[in-house]
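# Notes for the structure review
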Amino acid sequence: MTIDPRTPVLVGSGQFLNHAATTADAIEPADLMARAIELAAADAGLASVPDPDSIRVVSLLTWKYGDPALIVAQRLGLSPRETAVTANGGNSAQSLVNTTAKEILAGDVDLVILTGGEAWRSRGRARKEGHDFTWEKAPEGAVPRLIGEDLVMNHPAERARGIVMPVQVYPMFETAVRAAAGESVDEHLVKVSELWARFSAVAAGNPNAWLRDAKSAEEIRTPGPKNRMIGLPYTKYMNSNNDVDMAAALIMCSAERARSLGIAEDRWVFPVSGSDCHEHQFISNRWSFSETPAIELGGRLALEMAALTIDDVDLVDLYSCFPSAVQLGAKSLGLGLDRQLTRTGGLSFAGGPWNNYPMHGIATVMNELRDGAGTNGLVWANGGYTTKHAFGVYSTTPPAKPFQHAYPQDQIDALPGRELAEAHDAAGPVTIEAYSVMHSRDGAPETALASCLLADGRRAWGTSSEPALAAAMCEGEWVGRPGELAPDGTLAA
């Protein structure tokens, strides 16, 4: 078929890991990204990195460059007319592909480099040694374009109770998912550890994964010196691993530009469709912690625009920071847990470089499609607490229609939500809806966290640092149990 010259295509991908033994071996994020970009250019069959219209960087946490894309451009001797950085969120890399595909199709840009990288492991090591790096920063007047939607993730009431970290929230989702499935604590733990063992096996076979030693389900679910309990029911191996130094890059351009560069068409992968959306902004106002309606709608629209059903999809890479995220995503998309749901091995094992994991997922799907593992793939990227979502459908076959995009936020905003009761107004009897127990570094139960429902259907937060209660909540099922909230939000049961 004749391909429209404005058709967006992915032509190169690169992934670079630095397993530094000491801080002397550290490579800063800008250089990690530069190396990934060079690998992407070589992957496209190019002798050097082409000068792009834009370099777009996924927001990073390791170092505040100001304008990281400018620093990367300087390292590579490139002169883009635009530099850009995304908003925060693990959805950003896929959202960036969606935005770039639309702009290529519209003729706003012809060739764009997308990249992201973190050196969190090396910077953490330096701080433990009592020093820090003195990496470069962009000139004060350098202001990159901001791409993406930056949402405030935490309700003031959540911050007041100290519920601000993913390691606190995703375990609560897990207990809600477990209760909704009607599974016992023990059988559900076996189920999710077996799911994570399958992810670990994928990472073991992925040359771009951070951890390549396959772990058994029993290893994953059993607490120990190297696998301490963090937030019940999650051991360390069930948490996203951001202790990595890694980067990824993609080269996107129009079909016309790809031809002019002499890039062989068997290196092309087509972004067919994409969608972006988010759940109700605060978890305090979600209707349920065992459902993600925005994933259901956003994923369905991305597939419909590609004229596919979920059963037609060959390769799937779901965002996989914690087991609850995978279960929520799979359920909303209509995928069974017996499907191969990761192509990388996930954030626990392949590596979770903060916002940039999905770029590694997209690069891996892209490479596997070109190697014949399938003809199409679906990527789901997630930011916040399964809050912000981005979907992309990819194919080795040119799309029948130009790249299509959906942003169904008005439909999601109209869905039911819950009112949050202020602590003083919630005092009295409640029912525990979801919970976790945060553990100290030596493995002792430390702080109980609970989402509670009032008789009128409103939600309230309860926490307790009472050792006896924290220990008690580590035994048996607590979803559905009665509790009592004090006027200051302290939980008793």
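Residues numbered from 1 in each chain as written. Predicted model: local features only at pLDDT ≥ 70, side-chain atom pairs only at ≥ 80, totals over all residues. Heavy atoms only, no water.

## Quick look at helix 6 (residues 166-181)
- Over its 16 residues, helix 6 runs 22 Å from end to end, which matches the ideal 22 Å to within 8%, given 1.5 Å per residue.
- Within the span of helix 6, buried status applies to Gln-168, Val-169, Tyr-170, Pro-171, Met-172, Phe-173, Glu-174, Thr-175, Ala-176, Val-177 and Arg-178. (Helix = DSSP H or I, 4+ residues; strand = E, 2+ residues; numbered from the N terminus. Expected span 1.5 Å × (residues − 1). Buried < 20%, exposed > 50% of the residue type's maximum accessible area, 1.4 Å probe, protein only.)

## Some details on the nonpolar core
- Among the nonpolar cores identified, the biggest contains 59 residues, and Tyr-170, Phe-173, Trp-196, Leu-318, Leu-335 and Val-393 are the most heavily contacted of them.
- If we skip the residues at most four places from it in the chain, Trp-196 touches Ile-220, Tyr-237, Met-238, Ser-320, Cys-321, Phe-322, Pro-323, Val-326, Ser-348 and Phe-349. (Core = buried A, V, L, I, M, F, W, Y, C linked by side-chain atoms within 4.5 Å. Contact = heavy atoms within 4.5 Å.)

## Quick notes on the sheet that holds strand 2 (residues 54-57)
- Read from one edge to the other, the open sheet built from six strands follows the order 1-8-4-2-3-5, with strand pairing classed as mixed. Each edge of the open sheet carries a strand with a single partner, namely strand 1 (8-17) and strand 5 (145-147). Taking each pair of neighbouring strands and ignoring which way they run, the sheet shows an average axis angle of 20 degrees.
- Summarising the sheet, strand 3 (residues 82-86) and strand 5 pair through three bridges and their orientation is parallel. Residue pairing across strands places Ala-84 opposite Arg-145, the latter belonging to strand 5.
- Sheet strands in contact with helix 1 (residues 29-43) are strand 1, strand 2, strand 4 (111-119) and strand 8 (245-254), and its direction is about 130 degrees off that of strand 1. (Pairing = 2+ DSSP bridges. Axes fitted to C-alpha atoms, helices over the stretch in contact; angles between N-to-C directions.)

## Topic: the pattern of salt bridges
- With the rule as written, the count across this model stands at 23 salt bridges.
- In this structure, Asp-43 and Arg-370 form a salt bridge, with 2.3 Å as the shortest nitrogen-oxygen distance. Here Arg-370 lies in helix 13 (residues 357-370) and Asp-43 lies in helix 1, a separation of 327 residues in the sequence.
- For Glu-82, the salt bridge goes to Arg-145, with nearest N and O atoms at 3.1 Å. One end of the pair, Glu-82, is in strand 3; the other, Arg-145, is in strand 5, and 63 residues separate them in sequence.
- Overall, the relative accessible area of 19% leaves Glu-82 in the buried class.
- Arg-145 sits in the partly exposed class, given a relative accessible area of 30%. (Salt bridge = Lys/Arg side-chain N within 4 Å of Asp/Glu carboxyl O.)

## Section: the side chain of Thr-100
- You can see Thr-100 is positioned in helix 3 (residues 92-106).
- By relative accessible area, Thr-100 is classed as buried at 0%.
- Side chain to side chain, Thr-100 and Arg-56 meet in a polar contact 3.0 Å long.
- Those residues within four positions of Thr-100 in sequence are excluded, and the remaining contacts are Arg-56, Val-112, Leu-114 and Met-252. (Polar contact = N/O pair within 3.5 Å; in protein donor to acceptor, adjacent residues only side chain to side chain.)

## Examining helix 11 (residues 323-333)
- Along helix 11, ten of the eleven residues are buried, which leaves the element largely enclosed by surrounding structure.
- For helix 11, the complete set of buried residues consists of Pro-323, Ser-324, Ala-325, Val-326, Gln-327, Leu-328, Gly-329, Ala-330, Ser-332 and Leu-333.
- In the segment just after helix 11, Gly-334 is the residue with positive phi, at about 80 degrees.

## Things to note about the sheet that holds strand 12 (residues 388-395)
- Spatially, 10-11-12-9-13 is the arrangement adopted by the five strands of the open sheet, whose pairing is mixed. Only two strands of the sheet have a single neighbouring strand rather than two, namely strand 10 (315-318) and strand 13 (404-406). Neighbour-to-neighbour, the strand axes of the sheet open up by a mean angle of 10 degrees, direction not taken into account.
- Where strand 11 (residues 376-383) and strand 12 come together, eight bridges link them in antiparallel fashion. Note on strand 12: the bridge partner recorded for Asn-376 is Ser-395.
- The strands touched by helix 3 are strand 9 (270-278), strand 11, strand 12 and strand 13; relative to strand 12, the strand with the most contacts, the crossing angle is about 60 degrees.

## A few points about unusual backbone geometry
- A cis amide bond links Leu-232 to the next residue, Pro-233, at an omega of 5 degrees.
- Here the phi dihedral of Ala-307 falls at roughly 60 degrees; this positive angle occurs in a residue that is not glycine.
- A relative accessible area of 66% means that Ala-307 is categorised as exposed.
- At Trp-354, a residue that is not glycine, the phi angle is positive and equals roughly 50 degrees.

## Regarding the pairing of strand 16 (residues 459-464)
- Burial runs high along strand 16: six of the six residues are buried.
- Burial along strand 16 is two-sided: Arg-459, Trp-461 and Thr-463 facing one way and Ala-460, Gly-462 and Ser-464 facing the other are all buried.
- The pairing of strand 15 (residues 445-453) with strand 16 spans six bridges and is classified as antiparallel. Following the sheet pairing, Ala-448 is matched in strand 16 by Ser-464.

Shape is all these values report; function is a separate question.
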